[in-house]
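Fold and geometry: a report
Chain by chain, the residues:
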Amino acid sequence: MNSVDKGVNRPDGRSRRWAEHRERRRRELVEAVIEAIRVLGPEPGIDAVAAHAGVSKPVLYRYFSDRSGLWLAVGRQAARSVVEAIEPAVAAVREERDVVAAAIDAYLAFIEADPHVYRFVVHQRGIARDADVVADAMGTVASGLARILGDRLRALGLDAGPALPWAFGLVGYVQSAGDWWLREQQPISRTALADYLTSFLWDGIAGIRRAAAVDGR
């Protein structure tokens with residue numbers, strides 16, 4: 001019985017180890033591609049990316065279905081990096097307005113420090129129409145920000161329902177302004193832009209608080 005059980009379990013163990021190895025290798029390749037983009041610029045060819053990453057195209061396509069799949073994985077990782085940059089910045093402040101300011105400045109700092117990766121994600125051409133890298137990446141950032149904003153609203157005793165639409169609106173607004181800022185080669189300082197955008201967007205949470213007071217909640 002034991003030998004049979006071992007025989008039955010062995011393929012499952014191998015399958016699990018292979019899945020873990022495959023996922024780990026995918027993450028390594030995505031990081032290698034991101035490093036290649038930082039060096040080669042925002043519109044690299046797949047051959048140049050593979051060469052810079054030290055692998056062949058067949059190796060890349062062993063872990064990603066095609067170029068669009070690889071590009072989408074890069075976009076998702078970049079979006080996760082934005083969220084990882086925003087979370088500690090927001091956690092370090094207490095005043096509600098400072099939450100907005102910290103999130104905006106963390107986002108602008110990220111795209112300022114990594115402009116090639118940002119342009120790759122936002123302006124990459126030649127990706128299959130069903131793989132919307134920008135929408136997917138911005139969705140990841142907005143969802144992460146909504147979680148942060150929702151926690152803040154609940155801490156204030158307010159309804160967290162507005163957190164998701166507010167986060168998507170904030171991300172779209174700041175992404176558009178940040179895109180202009182990079183495209184025009186940063187005509188104003190990051191601090192000034194962050195201050196402007198914070199002032200424009202602050203009425204989001206301030207308005208929610210006013211509405212709650214009017215409703216008697």
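So, here is what we can say about the structure in this document.

Criteria and cut-off values
Residues numbered from 1 in each chain as written. Predicted model: local features only at pLDDT ≥ 70, side-chain atom pairs only at ≥ 80, totals over all residues. Heavy atoms only, no water. Core = buried A, V, L, I, M, F, W, Y, C linked by side-chain atoms within 4.5 Å. Buried < 20%, exposed > 50% of the residue type's maximum accessible area, 1.4 Å probe, protein only. Helix = DSSP H or I, 4+ residues; strand = E, 2+ residues; numbered from the N terminus. Contact = heavy atoms within 4.5 Å. Phe/Tyr/Trp six-rings, centres within 6.5 Å; stacked < 30°, edge-to-face > 60°. Expected span 1.5 Å × (residues − 1). Arc of directions from axis to C-beta. Salt bridge = Lys/Arg side-chain N within 4 Å of Asp/Glu carboxyl O.

Concerning the nonpolar core
Ranked by size, the top nonpolar core spans 40 residues in total, and within it Ile86, Ile104, Leu108, Ile111, Leu145 and Leu170 carry the most contacts. At the level of elements, helix 4 (67-91), helix 5 (96-113), helix 6 (115-123), helix 7 (133-155), helix 8 (163-183) and helix 9 (190-201) are the ones that each hand at least two residues to this core. By residue number, the principal contributor to this core is helix 5, which donates 10 residues. Ignoring anything within four residues of it in the chain, the contact list for Ile104 reads Leu170, Val174, Ala194, Leu197, Thr198 and Leu201. Ranked by size, the runner-up nonpolar core spans 22 residues in total, among them Leu29, Ala36, Ala73 and Ala78.

Details of the packing of aromatic side chains
To describe a pair of aromatic rings, one takes the distance between the centres and the angle between the planes. On inspection of all chains with the given rule, the structure shows one aromatic pair. Ring geometry for Trp71 versus Phe120: centroids 5.0 Å apart, planes at 80 degrees, classification edge-to-face. One end of the pair, Trp71, is in helix 4; the other, Phe120, is in helix 6, with 49 residues separating them in the sequence.

What to know about unusual backbone geometry
Within the chain, Gln185 stands out as a residue other than glycine whose phi angle is a positive 60 degrees. Note on placement: Gln185 falls in the loop between helix 8 and helix 9. Phi angles above zero are rare outside glycine, and Gln186 is one such case at about 55 degrees. Locating Gln186 in the fold gives a position in the loop between helix 8 and helix 9. Residue classification places Gln186 among the partly exposed positions, given a relative accessible area of 33%.

Quick word on the side chain of Gln175
Relative to the helices and strands, Gln175 is located in helix 8. Apart from the residues within four sequence positions on either side, Gln175 is in contact with Tyr107, Tyr118, Val122 and Met138.

Describing helix 9
Counted at 1.5 Å a residue, the expected span for helix 9 with its 12 residues is 16 Å, and the 16 Å between its end C-alpha atoms agrees. Where helix 9 is concerned, the buried positions are Leu193, Ala194, Leu197, Thr198 and Leu201. One side of helix 9 carries all its buried residues, which in axial view fall inside an arc of 130 degrees. Of the exposed residues in helix 9, the ones pointing more than 90 degrees away from its buried face are Thr191 and Phe200.

Let's talk about the pattern of salt bridges
Under the criterion given, the structure shown has nine salt bridges. The closest approach of N and O atoms between Glu28 and Arg25, which form a salt bridge, is 3.3 Å. Linking Glu28 with Arg25, this pair stays in helix 1 (residues 2-40), spanning three residues, or about one helical turn. Between Asp114 and Arg38 there is a salt bridge; the shortest N-O distance is 2.7 Å. Of this pair, Asp114 sits in the loop between helix 5 and helix 6 while Arg38 sits in helix 1, and the two are 76 residues apart along the sequence. Where salt bridges share partners, they join Glu35, Arg38 and Asp114 into one cluster.

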